[in-house]
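# Structural characterization, general
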Amino acid sequence: YRADYPGLTVESESAYSRCLNHDFVISEIGRSDIILVVGSDLISEHPNVHLWTRKAVYENGAKLYTANPFETKSGDCSFDELIYSPGSEVALLNGLTLGILDQGLAPKGFNSADSSGLLEPNTIDACAKKCGVSVERLESCARDLAEAKTPCLIGGEIISTSVERETISRALSNLSAALGIKPGKKGQSLILPKAANSKGAEALGLTPDPPEALRKELTKILNRYPELKGLTASQMYDSARVGELSGMVLIGSNPVQFSPDSKSVEKALKSLDFLLVADLFMTPTAEMADVALPLSSFAEYDGAFVNLEGRQQDFSAGMKPVGESLPGFEALNKIAEKLGCSLYSDSATLNQEIEKTLDSFDSAPNKQNLIEAKAKETAPTPGEEWYPIYVGDALHHFGSWTTHCESLRAFDPEAYLEVSPRLASSLGIESGELVRVSNDNKRVNLKLKISERLKGNVVFAPNNFDLSRVDRFTSGIDKVSYVRIEKINES
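## What about unusual backbone geometry?
Each neighbour pair has its own omega, and for Glu 120 with Pro 121 the value is 0 degrees, a cis peptide bond. By the secondary structure assignment, Pro 121 is in the loop between strand 4 (119–120) and helix 6 (124–131). If you check the backbone angles, Asn 223 has positive phi at about 65 degrees while not being a glycine. Here Asn 223 shows up in the loop between helix 11 (212–222) and helix 12 (233–241).

## With respect to the side chain of Thr 357
Within the secondary structure, Thr 357 is located in helix 16 (residues 347–359). Taking the relative accessible area as the measure of exposure, Thr 357 reaches 3% and is therefore buried. Setting aside anything within four residues of it in sequence, one finds Thr 357 in contact with Ala 203, Leu 204, Leu 214, Glu 217, Leu 218 and Ile 221.

## Observations regarding the environment of Tyr 58
Locating Tyr 58 in the fold gives a position in helix 3 (residues 47–60). Taking the C-alpha atoms as reference points, Tyr 58 and Gly 30, separated by 28 residues in sequence, lie 9.5 Å from one another.

## Structural notes on the sheet that holds strand 1 (residues 34–38)
The five strands lie next to each other as 3-2-1-5-6, forming an open sheet whose pairing is parallel. Looking along the sheet, the strands with just one partner apiece sit at the ends: strand 3 (80–83) and strand 6 (188–191). On average, adjacent strands in this sheet sit at an angle of 10 degrees to one another, irrespective of strand direction.

## Description of the environment of Gly 476
Mapped onto the elements, Gly 476 comes out in the loop between strand 17 (459–462) and strand 18 (481–487). C-alpha separation for the pair Gly 476 and Ala 373, spaced 103 residues apart in sequence, amounts to 21 Å. Not counting the four nearest positions on each side in its chain, Gly 476 is found in contact with Val 163 and Pro 260.

## Digging into the confidence of the model for the chain
Scored by pLDDT, the chain comes out at a mean of 90, with 97% of its residues at no less than 70. Across residues 1–8 the pLDDT falls below 50, and counting only partners more than four positions away or on other chains, this stretch makes 45 contacts in the model.

## Observations concerning the packing of aromatic side chains
In total, this model carries seven aromatic pairs according to the counting rule given. Here the aromatic rings of Phe 70 and Tyr 390 are separated by 5.6 Å at their centres, their planes lie at 70 degrees, and the arrangement is edge-to-face. With Phe 70 in the loop between strand 2 (63–68) and strand 3 and Tyr 390 in strand 13 (residues 386–392), this residue pair connects regions lying 320 residues apart in the sequence. Both residues of the pair, Phe 70 and Tyr 390, belong to the buried class. Consider the rings of Phe 305 and Phe 315, whose centres lie 6.3 Å apart with planes at 35 degrees: the pair is tilted. With Phe 305 in strand 10 (residues 303–306) and Phe 315 in strand 11 (residues 312–315), the pair connects residues that are ten residues apart, well separated along the chain. The class of Phe 315 is buried, set by a relative accessible area of 19%.

## Regarding the pattern of salt bridges
Counted according to the given criterion, the structure contains 18 salt bridges. The partner of Glu 377 in a salt bridge is Lys 130, and the shortest N-O contact between them spans 3.9 Å. Here the residue Glu 377 occupies a position in the loop between strand 12 (373–374) and strand 13, and Lys 130 occupies one in helix 6, the gap between them amounting to 247 residues. Judged by its relative accessible area of 69%, Glu 377 is exposed. Owing to a relative accessible area of 25%, Lys 130 belongs among the partly exposed residues under this scheme. The partner of Glu 418 in a salt bridge is Arg 453, and the shortest N-O contact between them spans 2.8 Å. Of this pair, Glu 418 sits in strand 14 (residues 416–419) while Arg 453 is found in the loop between strand 16 (443–450) and strand 17, placing the two residues 35 residues apart along the sequence. Among the charged side chains, a network of salt bridges with common partners joins Asp 209, Glu 212 and Arg 215.

## Some points on helix 14 (residues 262–271)
Along helix 14, the positions that sit buried rather than exposed are Ser 262, Ser 264, Val 265, Glu 266, Ala 268 and Leu 269. On the buried face of helix 14, the contacting elements are helix 12, strand 7 (247–251), helix 13 (255–258) and strand 8 (274–279).

## Here we look at the packing of helix 4 (residues 89–102) against helix 9 (residues 165–178)
Put simply, helix 4 and helix 9 touch, their axes get as near as 9 Å, and they point 15 degrees apart. Judged by the inter-axis angle, helix 4 sits roughly parallel to helix 9. As helix 4 packs across helix 9, the resulting crossing turns out to be left-handed. Touching Glu 89, Val 90, Leu 93, Asn 94, Leu 96, Thr 97 and Ile 100 of helix 4 are Thr 167, Ile 168, Ala 171, Leu 172, Asn 174, Leu 175 and Ala 178, all from helix 9. Here the contact of helix 4 with helix 9 is built from residues that sort into nine nonpolar, four polar and one charged.

Calculation notes
- Residues numbered from 1 in each chain as written.
- Predicted model: local features only at pLDDT ≥ 70, side-chain atom pairs only at ≥ 80, totals over all residues.
- Heavy atoms only, no water.
- Helix = DSSP H or I, 4+ residues; strand = E, 2+ residues; numbered from the N terminus.
- Buried < 20%, exposed > 50% of the residue type's maximum accessible area, 1.4 Å probe, protein only.
- Contact = heavy atoms within 4.5 Å.
- Pairing = 2+ DSSP bridges.
- Axes fitted to C-alpha atoms, helices over the stretch in contact; angles between N-to-C directions.
- pLDDT = per-residue confidence, 0-100.
- Phe/Tyr/Trp six-rings, centres within 6.5 Å; stacked < 30°, edge-to-face > 60°.
- Salt bridge = Lys/Arg side-chain N within 4 Å of Asp/Glu carboxyl O.
- Parallel < 35°, antiparallel > 145°, perpendicular 65-115°, else oblique.
- Left-handed = near helix turned anticlockwise from the far one by under 90°.
- Nonpolar A, V, L, I, M, F, W, Y, C, P; charged D, E, K, R; others polar.

Okay, structure coming up:
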């Protein structure tokens, strides 16, 4: 189970899993007449989807609505950029759904009468108050979406990393249903998994609980399949800490840097009898390994991946492997051979098994009725001197690997704290000055970066740099994480 990316779900029938696996055609984005992007800066998460979105706006005249807790680079061509209060995604989406229902714009026969019992907040006024977007703007967006012939709904990384992502997914599913979205007939919707080949990994059964049809196919191929459900990454760490798991293999995964609860992860990895890590670079996780193996990048071997549409796409090596590095599947097979049980006989057989498995994985149909989507209460702000923080990729980086690229380091050479001009002014801190950022989980000194894209008190820190470990600011428990900011006096 992928250890540092939460895009693969525990329950195969969850709303989040369905929203990841709707029928979706990337090129159809360009033919959309309206697009709503929620919880994503597409330009850094999915550049290809971002380009198709701009194509729809500039060549097809589409209206683009973006909804995030701060302005995004990809929202610069938005018809309206809905900046909502941190942690209020469910209220925003419920507000749009209620805006459709209240204006009588839902499909004929839609179960709109059930909204008061299924949704929370369950009035558009309550939704507007909670998310900080006015009733008028919610109604306007809802009306534009309902009157469109080819609406497109896109969810991003803020949804995938939220502790409330299942409820957010249910709210997004409700909005899709209220619009009557049926891929191939009217529009499309999808939550985009950020990590490359996440959809392929799920389609091949790399989840704790694969769908029944997929389990049957894997049983045929492998001649056996475990009766017990698998464990999520968090459950693996819990098992390691109590001595129920003694060994672990991590392939291209760096949870010590990217897990919100990385202190707990470190404790779990130290509790293991044996830890093997294979990666491109010596990461903080690899430094803890008993054995660290050099991993080849996708540019160094022939292979395939499954894109957002669920299509398998082949690629060829662009360079020779560096040193003794190997692709992950070859490294695993060599280890298995040493244990006396080869995982596959040759690459042709392996590819046949992959194709059979992919054929048994079906996309999830869009719901056509309302389902329960009730937001949890957001914990109150700890105090006036505490500020909501988001962490993610810097514009010119993706994960930690790109920080080893000299040309990209020229844009973003080190970690920083990004704040709004208003917040910087109230704190009496100028761009480039050092600040101490802290909460109960982490304390680190960062340079301040003043940005016009942030409004109010929301702050942002890139998690690409291993020395800063800013993911520790997020608890993995609360919908919104907060930090304190103090100016460091050089004297």
